[in-house]
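What the coordinates show
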Amino acid sequence: MYQPGFNGGRHESRGETTASTNGTTSGTGTPVNTKGTWASLGAATSFAYEAITVCIGRSLSAQNGMIDIGIGASNQFVLVENLYFAGAKLANEQYVFIYVPVHVPLGAQLSTRRSDSVGNLIDVTVIGHEVGLGGAPGFSRCIALFTPALSRGIAVDPGGSTNTKGSWAQITSSCPNDIGAMFGLIGYNGDTARAATAISLIDIGIGAAASEFVLYPNALCGWSTVKDGPSNCPRIPLFACNVPSGTRIAARSQCSLSTAGDRTIDLALYGLVK
Amino acid sequence: MHQPANTFSARHESRGETTASSTGTLLTAAGSINTKGSYVALGSPTSFAYEGFTVYLAANSIEQDYLIDISIDDGSGNNQILVPDLHFAAAKGVNEHNFSMFIPVHIAAGAQIDARVACGDASDTCRCLIVGHSANPGGFPGFSRAVALFTPTGSLGVAIDPGGSAHTKGSWVQMSASCPADVSAIFGVAGFNGDNSRAAAARMMLDIGIGSAGNEFVLVPNLYFGWGSTWDGANDVILQPIAASIPLGSRVAARAQCSITTASDRTTDLALYGLVR
């Protein structure tokens, strides 16, 4: 049995601009909600990584972004796909660290690009970790288990009955790969006019429609009226799973509030591939 | 060689949810500021052994800082603390903040999980629930416990002041003079250091280091985050666990650089934790 060890490893940052305390501005596309060109994140990696922490922030307006992390000097391979940055209502107020246990080879050039609902600035940096948590080797890549619309996740509406789980919302009809871990990021579904405080419990399920099995129960998430949406930390942190390719994945929620729009979040769900 | 994880099926169960109101378990701070309240059970005992769990915190009743202990109750009123002083930095807005942290610590089947909270404001409340995991990503077993690598100031972490020169790393600030155990992973939370009247947006890069004063070695470089003037602080900036070796007895420190130089507005507070074999 593998035991957790005294195996910390090295860490290095890529993409920082220390002279102005900035990250690297990810390239956005034209028109909005299309991916831009790749921007290099500093120099090539000086050692192999088994995991990365992606730091995203400095949005200059209320905006949603979908950020890719790639490797390769050209013809980039998408290592991490469509990381969701929900900037909510206020500029500069949202920053997020996202731990993603994927392998990056020694000497790889990391880069970033994004789609964006507004086209304003979003900065990215990466911190590479030589050793994965608990000594676990990195996965091969991280895929989005949803198809973004308007640079958002999938709307999960709890319905009009308070404190009652709503209908399942399909995240993907068919998981594209065998998945060994997942995580989720939650946003405000583009609603910047919320009128009341609310709190919700979110389930992730797998299985055919009407036969869903609750894989992960009751992730807690709340919001009020200033920011109009859940704060954008990795709201459902990384968890182990064994979801085979082809599996349908869904989510549902219950909410303390029944007001249409104000009760709905959007969920971006990710899978780690062998 | 340990191999990844991809066939580690895992069960997940929640403890402490209050489905009748879509929230977690109410934690109430003591009647004296910065003093832990009573332990509250997070639902029923665990139905299987956990190798890790995720802590969710929300619904802060005031713009304040909270420190939460997660513990195991032995059934006789004795609580073994698994995670001490988890920092929920709620900044300026009531109900606007969320916290979710994956903590790979083992909990036995049948254990009763409790929680308690201290707050910078007397008798204030927040909500807590836990989701337990029977396996961890990558399949590694859970650690025995988490330790705080800082001594709280009130209900805050340790103030990290980048100093008066913009875009220049400030002095190292001691988090812990002596790491209390061999640590194999760390995690952390950055807060607003109790300042809810900030005037400008700012960006920060923070280093975590180890070593004696004047001889610090950068362990984790350039954690990049920031804040605006509405929220007045690092907003939900949560470093999920990463592998990091810190031997017993090591001095742990942090430093930062910032895009602004205004005293106080430029300062964050850092709560840092270690995971023990």
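Above this note sits the structure.
Model, not experiment: these values are computed from the prediction.

**So, the overall build of chain B**
Helices and strands together make up the secondary structure of chain B, namely zero helices and 18 strands. Rg of the C-alpha trace for chain B: 19 Å, near the compact-globule value of 19 Å for 277 residues, within the 12% margin. Principal-axis analysis of the C-alpha atoms gives chain B an extent of 55 × 45 × 35 Å. Within chain B, the proportion of its 277 residues that are buried is 64%. Here the analysis covers contacts within chain B between residues at least 6 apart in sequence; of these, 83% occur between residues at least 24 apart. Working note: accessible area of chain B is about 8100 Å², and carbon and sulfur atoms make up 48% of it. For chain B, the centre of its 14 positive side-chain charges and the centre of its 22 negative side-chain charges are spaced 6 Å apart.

**Digging into the interface of chain B and chain A**
Residue-level contacts link 90 residues of chain B with 80 residues of chain A. Of the roughly 6500 Å² buried between chain B and chain A, counting both surfaces, carbon and sulfur atoms make up 61%. The interface formed by chain B and chain A holds zero salt bridges in total. Inspection of the region where chain B meets chain A yields 22 residue pairs in polar contact (both at pLDDT 80 or more). Sorting elements by how many residues they give to the side of chain B that touches chain A places strand E16 (residues 237–246) of chain B first, with ten residues. Each residue belonging to the side of chain B that touches chain A can be placed in one class, and the counts come to 46 nonpolar, 35 polar and nine charged.

**Considerations on unusual backbone geometry**
Residue and element names in this part refer to chain A. Here the amide bond leading from Thr-30 into Pro-31 is cis, since omega sits at 0°, within 30 degrees of zero. At Leu-150, a residue that is not glycine, the phi angle is positive and equals roughly 55°. Relative to the helices and strands, Leu-150 resides in the loop between strand E11 (141–144) and strand E12 (154–156). We note that Ser-151 has phi near 55°; this positive angle belongs to a residue other than glycine.

**Digging into the environment of A:Glu93**
Positionally, A:Glu93 belongs in the loop between strand E7 (77–86) and strand E8 (96–100). What makes A:Glu93 buried here is its relative accessible area of 1%.

**Here we look at the sheet that holds strand E15 (residues 217–227) of chain B**
Residue and element names in this part refer to chain B. Strand order in the open sheet formed by four strands is E12-E17-E14-E15, and the pairing between neighbours is antiparallel. The two strands at the open ends of the sheet, each matched to only one other strand, are strand E12 (173–176) and E15. Put simply, the sheet's adjacent strands are angled 30° from each other on average, direction ignored. Of the pairings in the sheet, the one linking strand E14 (residues 202–210) to E15 comprises eight bridges and is antiparallel in character. Note on E15: the bridge partner recorded for Arg-203 is Gly-226.

**Considerations on the sheet that holds strand E15 (residues 198–206) of chain A**
Either a parallel or an antiparallel arrangement is found when strands of a sheet pair, and the pairing is made through backbone hydrogen bonds. Residue and element names in this part refer to chain A. On the basis of which strands lie adjacent, the open sheet formed by four strands has the order E13-E18-E15-E16 and antiparallel pairing. The sheet is open, and its two edges are formed by strand E13 (169–172) and strand E16 (213–223), each paired on a single side. Neighbour-to-neighbour, the strand axes of this sheet turn through a mean angle of 25°, independent of strand direction. As paired strands, E15 and E16 are joined by eight bridges and run antiparallel to one another. Bridge pairing links Ile-206 to Phe-213 in E16.

**As for the side chain of B:Asn136**
Structurally, the position occupied by B:Asn136 is in the loop between strand E9 (125–133) and strand E10 (145–148). There is a polar contact of 2.8 Å between the side chain of B:Asn136 and the backbone oxygen of B:Glu51. Here the side chain of B:Asn136 touches B:Phe140 through a polar contact of 3.0 Å, landing on its backbone oxygen. Those residues in contact with B:Asn136, other than ones at most four positions away along the chain, are A:Ala240, B:Glu51, B:Gly52, B:Phe102, B:Pro104, B:Pro141 and B:Gly142.

**Details of the pairing of E15(B)**
E15(B) sits mainly inside the fold: nine of its eleven residues count as buried. The antiparallel pairing of E14(B) with E15(B) creates a hairpin that spans six residues between the two strands, and B:Gly211 there sits at a positive phi of about 125°.

**Notes on the side chain of A:Arg58**
Mapped onto the secondary structure, A:Arg58 falls in the loop between strand E5 (51–57) and strand E6 (64–71). Of the polar contacts made by the side chain of A:Arg58, one reaches the side chain of A:Asn22; its length is 3.3 Å. A polar atom in the side chain of A:Arg58 sits 3.2 Å from the side chain of A:Asp123. If sequence neighbours within four positions are ignored, A:Arg58 has contacts with A:Asn22, A:Asn92, A:Gln94, A:Tyr95, A:Leu121, A:Ile122, A:Asp123, B:Arg203 and B:Tyr224.

**Considering the pattern of salt bridges**
Residues and elements named next belong to chain A. Applying the stated criterion across every chain, the model contains 22 salt bridges over all chains. The partner of Asp-203 in a salt bridge is Arg-252, and the shortest N-O contact between them spans 2.9 Å. With Asp-203 in strand E15 and Arg-252 in strand E18 (residues 249–255), this pair connects stretches of sequence that are 49 residues apart. According to the relative accessible area criterion, Asp-203 is buried, its value standing at 2%.

**Let's talk about the packing of aromatic side chains**
What the rule picks out here adds up to 13 aromatic pairs over all chains. An aromatic cluster is defined as three or more aromatic residues linked by ring pairs; in this entry it consists of A:Phe97, B:Phe225 and B:Trp227. Its guanidinium or amino end placed over the ring of B:Trp227, B:Arg198 lies 5.0 Å from that ring's centre, counting from NZ or CZ.

Calculation rules
Residues numbered from 1 in each chain as written. Chains lettered and ligands numbered in written order. Predicted model: local features only at pLDDT ≥ 70, side-chain atom pairs only at ≥ 80, totals over all residues. Heavy atoms only, no water. Helix = DSSP H or I, 4+ residues; strand = E, 2+ residues; numbered from the N terminus. Rg over C-alpha atoms; globule rule 2.2 N^0.38 Å. Buried < 20%, exposed > 50% of the residue type's maximum accessible area, 1.4 Å probe, protein only. Contact = heavy atoms within 4.5 Å. Areas by Shrake-Rupley, 256 points an atom, 1.4 Å probe, with all protein chains shown as cover. Lys, Arg positive; Asp, Glu negative; His and termini not counted. Charge placed at Lys NZ, Arg CZ, Asp CG, Glu CD. Buried area = accessible area lost by both parts, 1.4 Å probe. Salt bridge = Lys/Arg side-chain N within 4 Å of Asp/Glu carboxyl O. Polar contact = N/O pair within 3.5 Å; in protein donor to acceptor, adjacent residues only side chain to side chain. Nonpolar A, V, L, I, M, F, W, Y, C, P; charged D, E, K, R; others polar. Pairing = 2+ DSSP bridges. Axes fitted to C-alpha atoms, helices over the stretch in contact; angles between N-to-C directions. Phe/Tyr/Trp six-rings, centres within 6.5 Å; stacked < 30°, edge-to-face > 60°. Lys NZ or Arg CZ within 6 Å of the ring centre and 35° of its normal.

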